Amino acid sequence: MRSNHFHLKFIAVATLFLFVGIFPIRQTHAAADGTLFGWGMNFYGNLGLGWASHGYSNALGFSRDYVLSPTQVGMATNWASISAGNFFVMATKADGTLWGWGNNSSGQLGLGYISNPPYSWDSGYSTGIWSPTQVGSGTNWANVAAGDSFVLAVKTDGTLWAWGGNPDGQLGLGDTISRSVPTRVGTDTNWSGAVGKISGGYANSAAVKTDGTIWVWGSDVFGELGQGNTNGAISRYYPTQVGTATNWDKVSAMGQFTVLATKTDGTLWAWGDNMYGQVGPGYVDYSGNGQHSVPAQVGTGTNWSSIGQGDTYSMALKRDGTMWVWGRVSIPFAVNCDVSGCYGMTGSPTQVGTATDWRSFGAYPYPTSVAAIKTDGTLWDWGNNWYGNLGLGDTVTRNSQTQVGTGTNWDSVTSGIYGTMAITGTPPPPTTLKACVSSCTTTGASAITNLTMAYNSTSTIAACYNTAAACDAPDNTGNVTLSSAWAESGTDVVSLSDQSNSTKKFQSGTAYGTETITITYLTQSVTLNVTVPCIETMTCAAEQTKVCSDKTVPTGKTLSGICGTVDCGGKPGKRYCDFNWKEVAP
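The rules behind the values
Residues numbered from 1 in each chain as written. Predicted model: local features only at pLDDT ≥ 70, side-chain atom pairs only at ≥ 80, totals over all residues. Heavy atoms only, no water. Helix = DSSP H or I, 4+ residues; strand = E, 2+ residues; numbered from the N terminus. Areas by Shrake-Rupley, 256 points an atom, 1.4 Å probe, with all protein chains shown as cover. Buried < 20%, exposed > 50% of the residue type's maximum accessible area, 1.4 Å probe, protein only. Pairing = 2+ DSSP bridges. Contact = heavy atoms within 4.5 Å. Axes fitted to C-alpha atoms, helices over the stretch in contact; angles between N-to-C directions. pLDDT = per-residue confidence, 0-100. Phe/Tyr/Trp six-rings, centres within 6.5 Å; stacked < 30°, edge-to-face > 60°. Lys NZ or Arg CZ within 6 Å of the ring centre and 35° of its normal. Salt bridge = Lys/Arg side-chain N within 4 Å of Asp/Glu carboxyl O. Polar contact = N/O pair within 3.5 Å; in protein donor to acceptor, adjacent residues only side chain to side chain. Core = buried A, V, L, I, M, F, W, Y, C linked by side-chain atoms within 4.5 Å. Lys, Arg positive; Asp, Glu negative; His and termini not counted.

J.: Can you help me understand the overall build of the chain in this one?
T.: Within the chain one finds one helix and 44 strands. On the chain, roughly 22100 Å² of surface is accessible, and the fraction owed to carbon and sulfur atoms is 52%.

Given below as structure tokens:
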């Protein structure tokens, strides 16, 4: 964990400036959708405000270190997504462009060069890219994830790209050579660009493909690659599949040598280092040998929706809007609180408070602080607050969730090292969630509660919400979850595959009956009943269109199948393998 040495060294110096005066910054309180805000530490200009500082300057005579409240970044109102790394931030805009700012010591901003000359504590600032700067000229970036000193991103064509530091092969390019420009990873075109599908950590990367498979690469010190290796296995320099499952949903590699992932059935899984109980097996292993080198299910719950990690703890939300944490945790378990924060320990998911309206959250490996958004669009922070990274106007640590301002239009948030950034948006209206077939548009199909699918056919289900009778407001935030659980003889009647954030494609299987598909958006859930009818195509003619053998039915016998029986009336008939017809006595 290379950057941890820097973290600890930096903390020792930073404490000297804890009570230094604040340089005034223009605050913006009203914002349009897609407006970007930053607050907290601005060490490399990682807040994108056009300047950088890290403490008191003898030359300047004051500190420009702390931004204590959400402060608008530029005038753009089309920011779409953000991801913070080690004193740098990557973001996409609604036009598909990619942007970066802050620390560029490993070329992690993708600008084609490295900028890391020495900085001076006396100068009052350090080097970096102080304002959002576009990466290349592409307009087809779908999603981006910042790791410790590197970046992963997916384009709309399903290709995966990586750049930045690469000492453990975390770029997946087959070597340990760093890159300062986006470089394509392999030749596959089925990497998912949806929210939560890619993640970078200290020395690992993980991603989910559109076929539901999960892939990891980089360091394998504690079995975090999920390959069954332990005791410091050799790193993998290229994407490597974990198991054979094809129903993985979201993944997080932000923990210290620990990986979290959810499946489309709502189950939660973890593997890697469990020194602090962050894998969630119910116990803590201080020996350093608590390695889980293959995915292990966390509990028995089937309603997990989103995940995230800190340095030595794990966090997740459930579909009922509750928040959970485990490992060496901060604030939610205020066992010992001091200026450094609050700490506790738990080896199993433990609920944070009693709220049931959490929508999303942002956590970074260090420090121990969390920012989260509720379904009403309000923003809440808690934890370590040395540099005003909680956005509450001071540097006082909080051991409980505290609202940031009074805004109700926060859309997404990300946490970095002592710095937080968030984007405003339009919260979903408090209306009923609906389902429709094919698409949800102003001219699309109306909401439905029942769907009949022919045998071996496909259908696209879409989720939306609105106030009218029609289904005309699709959600594209990645918060929609569609899942099916019914099975016949161990085979799913319908299979699920990604289409977009708000739609899923289903294919009817070989069994028949009714499948219940659960559609969840934030705290709302509805069910869609999908019926696969049993169609009796068996007749008593001499030849049939679908057969699995040439065996005929003796005169005077009938055929029996899961759909019922057919009386051949003394005529020969052929066995129909699709529905397991078999001979029976008259």
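Picking up where we left off.
J.: Looking at this structure, how should I read the pairing of strand E4 (residues 66-72)?
T.: Side chains on a regular strand alternate between the two faces of the sheet. Buried residues dominate E4, accounting for six of its seven residues. Judged from the four bridges that link them, strand E1 (residues 36-41) and E4 form a sheet pairing that is antiparallel. The partner of Phe37 across the bridge, within E4, is Gln72.

J.: When you look at the environment of Ser306 in this model, what are you seeing that I'm missing?
T.: Within the fold, Ser306 resides in strand E21 (residues 304-309). Judged by relative accessible area, Ser306 falls into the buried class, the value being 19%. Sequence separation of Ser306 and Leu317 is eleven residues, and the distance between their C-alpha atoms is 5.3 Å. Leave out the neighbours within four places in its chain, and Ser306 touches Lys250, Met315, Ala316, Leu317 and Phe361.

J.: For this particular structure, what's the right way to read the sheet that holds strand E8 (residues 129-134)?
T.: Sheet strands line up and pair through hydrogen bonds in the backbone, either parallel or antiparallel. Strands sit in the order E5-E6-E7-E8 across an open sheet of four strands; the sheet is antiparallel. Either end of the sheet is taken by a strand with one partner, and the two such strands are strand E5 (79-84) and E8. Strand-to-strand, the axes of this sheet are offset by a mean angle of 15°, without reference to chain direction. Both strand E6 (residues 88-93) and strand E7 (residues 98-102) contribute to a ladder of five bridges, which runs antiparallel.

J.: Looking at this structure, how should I read the confidence of the model for the chain?
T.: Reading predicted coordinates in detail is not appropriate for stretches of low pLDDT. Here the chain averages 75 in pLDDT, and 65% of its residues register 70 or above. This model gives residues 485-493 a pLDDT under 50, and the stretch forms 18 contacts once residues within four places in sequence are excluded. Considering only residues more than four positions removed or in separate chains, one finds that residues 535-586, a stretch of pLDDT under 50, has 92 contacts.

J.: Looking at this structure, how should I read unusual backbone geometry?
T.: A negative phi angle is the norm for most residues apart from glycine, just as the trans form is the norm for most peptide bonds. Of note, Phe87 is a non-glycine position whose phi angle comes to about 60°, a positive value. Positionally, Phe87 belongs in the loop between E5 and E6. At Tyr418, a residue that is not glycine, the phi angle is positive and equals roughly 60°. Among the structural elements, Tyr418 can be located in the loop between strand E30 (410-415) and strand E31 (419-424).

J.: Sorry, what's going on with the packing of aromatic side chains here?
T.: What characterises a pair of aromatic rings is the spacing of the ring centres plus the angle enclosed by the ring planes. Throughout the structure, instances matching the rule amount to 20 aromatic pairs. A centroid spacing of 6.2 Å and a plane angle of 65° characterise the contact between Trp39 and Trp410, whose relative ring orientation is edge-to-face. Linking Trp39 in strand E1 with Trp410 in strand E30, this pair joins segments that are 371 residues apart in sequence. As far as the burial class goes, Trp39 and Trp410 line up, both buried. Geometrically, the ring pair formed by Phe43 and Phe87 is tilted, given 5.1 Å between the ring centres and 45° between the ring planes. Of the two residues, Phe43 sits in the loop between E1 and strand E2 (56-57) while Phe87 sits in the loop between E5 and E6, which places them 44 residues apart along the sequence. Relative accessible area serves as the criterion here: at 0%, Phe43 is assigned to the buried category. Cluster of aromatic residues (ring-pair linked, three or more members): Tyr66, Trp386, Tyr387 and Tyr418. Above the plane of the ring of Trp79 lies Lys93, whose end atom (NZ or CZ) is 4.7 Å from the centre. One residue, Lys318, lies across the ring of Trp304, its end atom 4.8 Å from the ring centre.

J.: Please clarify how the pattern of salt bridges should be interpreted in this entry.
T.: Pairing between side chains becomes possible if they bear opposite charge and their charged atoms approach one another. Considering all chains together, one arrives at six salt bridges under this definition. Measuring nitrogen to oxygen at the nearest pair gives 3.3 Å for the salt bridge that ties Asp249 to Lys250. Its relative accessible area of 11% is what places Asp249 among the buried residues. In this structure, the salt-bridge partner of Asp394 is Arg398, at a minimum N-O distance of 2.9 Å. By relative accessible area, Asp394 is classed as partly exposed at 22%. When its relative accessible area of 18% is taken as the criterion, Arg398 is described as buried.

J.: Looking at this model, I keep getting lost on the pairing of strand E17 (residues 248-252). Mind explaining?
T.: Of all five residues that make up E17, five are buried, and the element is covered over most of its length. Sheet topology note: the E17/strand E18 (residues 258-263) ladder contains four bridges and is antiparallel. Along E18, the bridge assignment pairs Ser252 with Leu260.

J.: Got a minute to help me understand the sheet that holds strand E28 (residues 379-383) in this structure?
T.: Spatial strand order, E26-E27-E28-E29: four strands in an open sheet with antiparallel pairing. Pairing within the sheet leaves two strands with one partner each, and these edge strands are strand E26 (358-363) and strand E29 (398-403). Averaged over all pairs of adjacent strands, the angle between strand axes in this sheet comes to 20°, irrespective of strand direction.

J.: When you look at the environment of Asp394 in this model, what are you seeing that I'm missing?
T.: With respect to the helices and strands, Asp394 occurs in the loop between E28 and E29. For the pair Asp394 and Val67, spaced 327 residues apart in sequence, the C-alpha separation works out to 9.2 Å. Apart from residues lying up to four places away in sequence, Asp394 is in contact with Leu68, Asn385 and Gly388. Reaching out from Asp394, the side chain makes a polar contact with the backbone nitrogen of Val396 at a distance of 3.2 Å.

J.: What is the right way to read the nonpolar core from this model?
T.: Counting 26 residues, the largest nonpolar core has Leu36, Trp79, Trp101, Leu379 and Met421 as the members making the most contacts within it. Where this core is concerned, the elements lending two or more residues are E1, E5, E6, E7, strand E27 (369-374), E30 and E31.

J.: Looking at this model, I keep getting lost on the side chain of Asn384. Mind explaining?
T.: Take Asn384: it is sitting in the loop between E28 and E29. There is a polar contact of 3.1 Å between the side chain of Asn384 and the backbone nitrogen of Trp386.

J.: Got a minute to help me understand the side chain of Asp220 in this structure?
T.: Positionally, Asp220 belongs in strand E15 (residues 214-220). One buried charged side chain, Asp220, makes no salt bridge at all; its nearest oppositely charged neighbour is Arg236, positioned 5.7 Å away. Excluding residues within four positions of it along the chain, Asp220 makes contact with Leu225, Asn229, Gly232, Ala233, Ile234 and Ser235.

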